[in-house]
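# Overview (structure and organization)
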Amino acid sequence: MKKASYPYLIWMGIFILIPLFLVLYFAFTVGDSQNLSTFQFSLANFKRFINPIYLKVLGRSVNLAVVSTILCLIIGYPMALIISKEKARKRNLMILMFVIPMWMNFLLRTYAWLTLLGKNGFINYLVTKIGFQPLDLMYNDTAVLLGMVYNFLPFMVLPIYSVLVKIDKNLIEAAEDLGANKMEVFSKVILPLSIPGIITGITMVFIPAVSTFIISSLLGGNKSNLIGNLIEQQFRWTGDWHFGSSMSIILMVFILLTMALTSKFDKEKEGGGGGLW
Amino acid sequence: MVNKGIKKLYTFLIFLFLYAPIIVLIVFSFNDSKSRGVWAGFTLKWYVELFKDAEILKALYNTFLIATLSTIISTILGTFAAIGIFNLPGLNKKIALNLNYLPVLNADIVTAVSLMALFRFLKMEFGFATMLLSHITFCTPYVVLSVLPKLKQMNKHLAEAAMDLGATPFYALRKVIIPEIMPGIITGGLMAFTLSIDDFVISFFNTGNGVSNLSIEIFSMTRRGINPVINALSTLMFVGMLIMLLIINKRTEKNELERGV
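Residues numbered from 1 in each chain as written. Chains lettered and ligands numbered in written order. Predicted model: local features only at pLDDT ≥ 70, side-chain atom pairs only at ≥ 80, totals over all residues. Heavy atoms only, no water.

Turning our eyes to something else, we now look at the overall build of chain B. A count of helical and extended segments in chain B gives 11 helices and 0 strands. In chain B, the succession of α and β elements from N to C terminus is α-α-α-α-α-α-α-α-α-α-α. A globule of 261 residues ought to have a C-alpha radius of gyration of about 18 Å, yet chain B, at 23 Å, is considerably larger. Expressed along its principal axes, the backbone C-alpha trace of chain B runs to roughly 75 × 65 × 35 Å. Split into buried and exposed, the 261 residues of chain B put 50% on the buried side. Counting only contacts in chain B whose residues sit at least 6 apart along the sequence, the fraction spanning at least 24 positions is 69%. Distance between charge centroids for chain B: 5 Å, based on 23 positive and 15 negative side chains. (Helix = DSSP H or I, 4+ residues; strand = E, 2+ residues; numbered from the N terminus. Rg over C-alpha atoms; globule rule 2.2 N^0.38 Å. Buried < 20%, exposed > 50% of the residue type's maximum accessible area, 1.4 Å probe, protein only. Contact = heavy atoms within 4.5 Å. Lys, Arg positive; Asp, Glu negative; His and termini not counted. Charge placed at Lys NZ, Arg CZ, Asp CG, Glu CD.)

Next up, the structure:
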């Protein structure tokens, strides 16, 4: 039976392992990106990155990703809790309503926010109707943050919901019988049991948020550069694959570190492999 | 009760947040003006123009062709891989699983540029083939991940019993294992299809020579302004998906009622 895995093992070797080694190789060399024979080992790409301009971009990316992850958690957890307490029929419908937006192209949905946020947009129309000055909502970090929360909120709600809905109702009843009030039931029973869902949610929001270049280029305008934008520029426009690769490696290491950190909190890890740590 | 009111309001606000841009898209697909933000009256002309727009129809065709092909290939590849990996001995299993996890955990932009480096290294011409290969690569891990739990749930002795009764391994696979893990295979396939249709980053880096999908088309439009034709197309796709979902939902409900759940 194990022979069934051989085609995919070969596939993974060619399309997952070798590409990563190539990026690693590019990251530690300099030369003409198009000509392998000119490559020389060097740490210059990493040295170049240790520069306030680039470090600031990395800091901003991590900062925005952390804030959007926290926002998604704060907004998403109560939502997941509310849904999980509904009756089965309504519950399924609400989850469906969370999934449906994801079936519309995410670039288009993000772009549509410009219509809502713009100077003459819908939100400003309401704001001025009430009698306030129009707000400057577009092309700044708040807009990028909004785009991130908007796009990644379902990735927080769905895993938390799927854990909450499986919690044994008897446990909650037992806690109530033993005299716990609503707050205690939540903090001592529901919350600890939902940690695996929270961890999955955090990873599923943080990773795309820290590496996005679409949301920042659509809603952030030209001033909003994130690490994803830098990588894109190096590969698509500047043509310095070496520097681009070294930034990819830095981003990867960052993500792996975060994963290692969050999985420390996840004690109920399933045995039998899975997860890098 | 106040508590209930707060819950209802909260739910309403979240769904308003999720659906606001979609409502905007749908409304502006009927707008008689090319500029967004100005309402110039109702029209259906964008829907008419959609069917004359060769470029967008070509992108739509590419999107669905790539999604269908990569779903079929990654579902088959991933299902066999999951069965195989499940039966691998200890350490090998762990290595295979972690390797499978890499594209899931990694940032999609890193996956995208690493594949781009590979294709460049192999001197492959960028276009349909490179796009398809990269889609299969990022879809398959999700298939493997949704089939594995079903294998874990399955009774180990089922396949053994079949083979004891004289079934060849392949026959046991076809008649016993595959039917048992079918729900996982279907979930994985659906996931692959959705991921492929919605993908932008990986396609963007791994296509070339005028082969584009809808995401790439939309991205290039965001620089010069979105053509409302795209809004019309999205509205149609949205309505299509919605109807499909509602039908599926009704059916499962009916099944549940019949089974008396």
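Taking 1.5 Å per residue as the helical rise, helix H4 (residues 90-105) of chain B with its 16 residues ought to reach 22 Å, and the 22 Å between its terminal C-alpha atoms agrees with that figure. Taken residue by residue, H4 of chain B has Ala-96, Leu-97, Asn-98, Leu-99, Asn-100, Leu-102, Pro-103 and Leu-105 of chain B as its buried positions. (Expected span 1.5 Å × (residues − 1).)

What follows is about the confidence of the model for chain B. Mean pLDDT for chain B: 89, with 98% of residues reaching 70 or above. Among the prediction metrics, the complex's ipTM stands at 0.88, with pTM recorded as 0.89. (pLDDT = per-residue confidence, 0-100.)

Our focus in this paragraph is the environment of Gln-233 of chain A. All names here are of chain A. For Gln-233, the location among the structural elements is in helix H12 (residues 227-238). Separated by 184 residues in sequence, Gln-233 and Phe-49 place their C-alpha atoms 14 Å apart. Excluding its chain neighbours within four sequence positions, the residues that come into contact with Gln-233 are Asn-225, Thr-238 and Gly-239.

Between its terminal C-alpha atoms helix H6 (residues 128-153) of chain B stretches 38 Å, which fits the 38 Å expected from 26 residues at 1.5 Å a residue. Along its length, H6 of chain B reaches its greatest deviation from straightness, about 25 degrees, at Cys-139 of chain B, and the proline Pro-141 of chain B lies no more than four positions downstream. (Bend = angle between axes of the 7 residues up to and from the residue.)

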